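# Observations on the model geometry
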Amino acid sequence: MSVVVCVDCRHALQGGVRNKKSSTSRKLSSSSRLDRPRNESYNTPFKRRTPQWQSNFPLAWKSSIPANQDGHPSPHSDPRKQWEPVRISSETFYKAAREHLEQWTSSLVGVERLVGIGVQPRDAKNIVGHFGAWAREQLANPSKYVFQSWFEDEYSWAMNSMADFVPALDLMITRRMISWAAGLYDYRTREGLEVWPGLDTIAKLYNAADMRHHAEAFPEARKLHRKIIMHVGPTNSGKTYNALRALAASNRGLYPRVCNLITGEEKRMLSDNAPLASCTVEMLSFITHYDVAVVDEIQMIGDRARGGAWTSAVLGLVADEVHLCGEVSAVPIVEALCEATGDELVVHNYERLSPLMAGSVSLNGDLSNLREGDCVVAFSRNTIFQLRAQVQKSTPYKVAVAYGMLPPELRAEQAKLFNEQGNEYGVMVASDAIGMGLNLKIKRVIFEKTKKWDGEKEVMLSLSTIKQIGGRAGRFELGGSVAPGIVTTLQPTGLEDVQLALRVPTRPLKRAVIEPPNDLLLSLLQILPKEARPSLAFSTLPYFARLPPHFALSNMHVKSEQARLIEECGAIGFSSSEYWTFLHAPVGGRDDLTRAGLQAFLDQYHERHQTDLRAALVKLEVYDSFVDTRDMRLTHEDPDARTKLKPPILVPGLLRKLESTHRVLIMYLWLSYRLPVTFHEHARALEIKVELEKCISFYLREMNRQPKGRSPPPPRPKLFAAAFPPGRSAQFAKPRMLTAVR
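Per-chain numbering applies: the sequence of each chain, read as written, is numbered from 1 onward. In keeping with the model being predicted, local features are shown solely for residues with a pLDDT of at least 70 and side-chain atom pairs are shown and tallied solely at 80 or more, while totals for entire chains, interfaces and linings include all residues. To get the side-chain values, take all heavy atoms of the structure and skip hydrogens and water.

## A short note on the pattern of salt bridges
Working definition: two side chains of opposite charge can pair if their charged atoms are close together. Definition used for salt bridges: Asp or Glu carboxyl oxygen within 4 Å of a side-chain nitrogen of Lys or Arg. Here the structure, examined in full by the defined rule, presents 21 salt bridges. Taken together, the salt bridges that share partners define one network made up of Asp210, Arg212 and Arg546.

Structure follows, in structure tokens:
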């Protein structure tokens, strides 16, 4: 059997034209840099980035944080500095570390953390006090080993991996205390000396969180001598096409007639004997043997949210040949992984098939300068729809849209409208969702701005992000025509950033992300106090995790918040398998309605181990919206009735509610495959999901049909109150709106 693995399997067979520039092949030794002790890690510079200290340091630390010191990374807005290989001077580092060590020990933060994992307060104070004395001596008499073990191993790891979860220096000092205490326990035990109370608990957690040999977690793959083939290059270079050619040339599964589709919420099994399967990277099997596996977007291996799935794919796929497609930035880290596994690595480099250039001038804020084939990129949903309305007023074109909240099926539909020649959809307004999974015939990419909101503040786009999105301009046609791509900005500000991004080379990834296995988290829970909730394992893991060089821990903050949500809904009595199932359910971190949907399902499951889909949607106050929109769609799509009806009233906020409802249904379908007895309305959920996609598509079409300059009416107390007779939707009780989860 052969398998195609891709980010969005609905676009798995899209490709380009063969364009191989060069290739290298080498057998890598099984003795790995990844297995070296932490004090033998490479002396590599790290990225300059904005630290979290100024806003997130606890207690009184904020007022004494050194900022903008010479040689120290500090807040900035110049994207060029994000890619300068800078190094903190040892004097600056030691000064900052000594200052924060004093405040860390005096504020009793370390004591509170040790008490939280089961150490008695008196013993915790004793451990922290002795560690403080040892650390002061280390930092007062610095050596090459001290700088390497404190800064290069711990501080740079914290800044690259955990800077948005805990302050980097706080994380560094806590991790140094944990490793010191575990080492002291081993020493005193080995020498037959008295062991201080509390050291045994720290040592047990420290050893349980050992992930230094992560490759051994995939025994089936370790039995094979695999060939890893990388196809790397910029967008529109034909790399994915050539990987799929290798798939078609395999002995089993030569361009099959049927294909099984597997995602988290959908399974389309056309045949049990289908030689080709397509799935999302999170749904990979690490038991089934394949001839050829193709993994797209390999640069995602460094993404803290989803990168663990790509790391597992590289280490664990049971395939004779594994083809990895993506940016050249992923080559060094994949090379390090292959050294750990002893697999053969072949790298094919590709050049772009069509020229890509930065515009010499911006649009100066004038949307009337848009031309057919342009795509305006914005980074918030509200901005996307504001621009859509402005473009329709300023140009003769209708506007296609694509953004993250839009279901994948509708993103593909909007892309099709934009790509079709001769229709009215000449312009697209989209988010960075166009960077992956969509094949678009874009002539010019226009950035609305080169900053985006990261959930807390507005940050500069990285140069790699600008390059990835801008590279979507100028597609190579299979007929041989070459359309040059142009990248520019809507306003003059930011144009220099775009020009720089297309000019500088891509920086390599520093670390691959690891997702901690469930067994490891269960081991931590067995050591923690009996009254400890599972969310405590996620909170403490960043302090205890033992990772090899070139690895980073996935974002534990998101999982910790979801664990707390499950626990607040009364899931303490669930079995471990039930708990982990709900923990991994696809809940949008910023979508309150999806989180409220999980809460509604958990409440039903906790009360009677059965779920009622319709009751849950009514409780969320979204069922009426769905029914009204469905009826309005059916009425206005009737050819005989449409000419007699006025255009439907588009209620502000309805589209967002429909999109969030779609996510709730995706979550229900995901759970129905894993808990089919409880989430038994799979067919009904799938029916509503398909109908909901039609409603969202109808809403988007009607937005484009509205007369130019017509502003939407103010919000009404009841959706579509003017379009439907009273009582049509009143048959469903409207309960109190579910309070958003903290």
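## Things to note about the packing of helix H22 (residues 623-636) against helix H24 (residues 654-674)
H24 packs onto H22 with a crossing angle of 110° between their chain directions and a minimal axis gap of 10 Å. Here H22 lies roughly perpendicular to H24, going by the angle between them. Touching Ser625, Phe626 and Thr629 of H22 are Leu654, Lys657 and Leu658, all from H24. For the contact of H22 with H24, the per-class residue count stands at three nonpolar, two polar and one charged. Helix axes use the C-alpha atoms of the stretch in contact, all axes being lines fitted to C-alpha atoms, and the angles between their N-to-C directions lie in the range 0 to 180 degrees. Only DSSP runs of H or I covering at least 4 residues are called helices, and only runs of E covering at least 2 are called strands; the numbering of each starts at the N terminus. Roughly parallel means an angle under 35 degrees; roughly antiparallel means over 145; roughly perpendicular covers 65 to 115; every other angle is labelled oblique. When checking whether two residues touch, look at their non-hydrogen atoms; a contact exists if any pair is within 4.5 Å. Note on residue classes: Ala, Val, Leu, Ile, Met, Phe, Trp, Tyr, Cys and Pro are nonpolar, Asp, Glu, Lys and Arg are charged, and everything else, Gly too, is polar.

## As for helix H19 (residues 576-583)
Residue burial is assigned from relative accessible area. The probe radius is 1.4 Å, only protein chains are included, and a residue is buried under 20% of its type maximum, exposed over 50%, and partly exposed in between. When you tally the buried positions in H19, you get six out of eight residues, the bulk of the element. When H19 is considered as a whole, its buried residues turn out to be Glu578, Tyr579, Trp580, Thr581, Phe582 and Leu583. Where the residues of H19 are buried, they touch helix H16 (518-527), helix H17 (534-544), helix H18 (556-568), helix H20 (592-608) and H24.

## Notes on the packing of aromatic side chains
Working definition: rings of Phe, Tyr and Trp (its six-membered ring) pair if their centres are within 6.5 Å, and the pair is stacked with planes under 30 degrees apart, edge-to-face with planes over 60 apart, and tilted otherwise. Scanning the entire structure with this criterion turns up 15 aromatic pairs. Chaining the aromatic ring pairs together yields one cluster made of Trp104, Phe131, Trp134, Trp180 and Trp196. Placement of a charge over a ring requires the Lys NZ or Arg CZ to be within 6 Å of the ring centre, with the centre-to-atom vector within 35 degrees of the ring normal. If you follow Arg674 out to its NZ or CZ, it ends over the ring of Trp670, 3.7 Å from the centre.

## A short note on the sheet that holds strand E13 (residues 425-430)
By definition, two strands form a pair when at least two bridges between them are found by DSSP. A sheet is described by the order of its strands in space; here six strands give the open sequence E10-E17-E14-E11-E13-E12, paired in parallel fashion. Each edge of the sheet is formed by a strand with only one pairing partner; in this case those strands are strand E10 (356-358) and strand E12 (398-402). The average undirected angle you get between the axes of adjacent strands in this sheet is 25°. Direction of pairing for strand E14 (residues 444-447) relative to strand E17 (residues 485-489): parallel, over a ladder of four bridges. Looking at E17, one finds that Arg444 is bridged to Ile486. Contacts between helix H12 (residues 381-394) and the sheet are confined to strand E11 (374-377), E12 and E13, with E12 contributing the most and set at about 165° to the helix.

## Here's the deal with the nonpolar core
Counting 151 residues, the largest nonpolar core has Leu114, Met230, Leu324, Val334, Leu541, Phe544 and Phe582 as its most contacted members. The term nonpolar core refers to a set of buried residues drawn from Ala, Val, Leu, Ile, Met, Phe, Trp, Tyr and Cys, joined through side-chain atoms within 4.5 Å. Counting residues in hydrophobic clusters, the runner-up holds 25 residues, among them Ala402, Met428, Ile466 and Ala501.

## Details of unusual backbone geometry
Notably, Asn364 is not glycine yet its phi reads approximately 55°, a positive angle. With respect to the element layout, Asn364 can be found in the loop between E10 and E11.

## Brief notes about the environment of Ala124
Note on placement: Ala124 falls in helix H4 (residues 121-140). Each C-alpha atom, one on Ala124 and one on Leu108, is 9.6 Å from the other, the two residues being 16 residues apart in sequence. Apart from the residues lying within four places of it in its own chain, the contact partners of Ala124 are Val111, Leu114, Val115 and Val119.

## Regarding H20
The span expected for a helix works out to 1.5 Å for each residue beyond the first. For H20, with 17 residues, the first-to-last C-alpha span of 25 Å sits near the 24 Å given by 1.5 Å per residue. Counting buried residues in H20 gives 13 out of 17 residues, a clear majority hidden from the surface. Taking the backbone nitrogen of Leu593 as reference, a side-chain oxygen 3.3 Å away marks Asp591 as the first, capping residue of H20. Just beyond H20, the residue with positive phi is His609, at close to 55°. Pairs of N or O atoms are called polar contacts if they sit within 3.5 Å, as long as, within protein, a hydrogen donor faces a hydrogen acceptor (for residues adjacent in sequence, only side-chain-to-side-chain pairs).

## Focus on the environment of Glu351
Take Glu351: it is sitting in the loop between strand E9 (344-350) and E10. Separated by 115 residues in sequence, Glu351 and Asn236 have C-alpha atoms that sit 8.6 Å apart.

## Quick word on the environment of Lys530
Looking at the secondary structure, you find Lys530 in the loop between H16 and H17. Relative accessible area serves as the criterion here: at 86%, Lys530 is assigned to the exposed category. Taking C-alpha positions, Lys530 is 9.2 Å from Gly118, a pair spaced 412 residues apart along the chain.

## Concerning the confidence of the model for the protein
When pLDDT is averaged along the protein, the result is 77, and 73% of the positions lie at 70 or above. The predictor rates its confidence in each residue with pLDDT, a number between 0 and 100. Long-range and interchain partners of residues 25-87, a stretch whose pLDDT sits below 50, account for 156 contacts in this model, where long-range means more than four residues apart. This model gives residues 252-258 a pLDDT under 50, and the stretch forms 17 contacts once residues within four places in sequence are excluded.

## Regarding the side chain of Arg388
On the secondary structure map, Arg388 appears in helix H12. Glu702 provides the closest opposite charge to the buried, salt-bridge-free Arg388, at an N-O distance of 11 Å. Ignoring any residue separated from it by four or fewer positions in sequence, one finds Arg388 in contact with Val399, Val401, Val429, Met703 and Asn704. Only four residue types enter the charge count, namely Lys and Arg as positive and Asp and Glu as negative; His and the chain termini do not.

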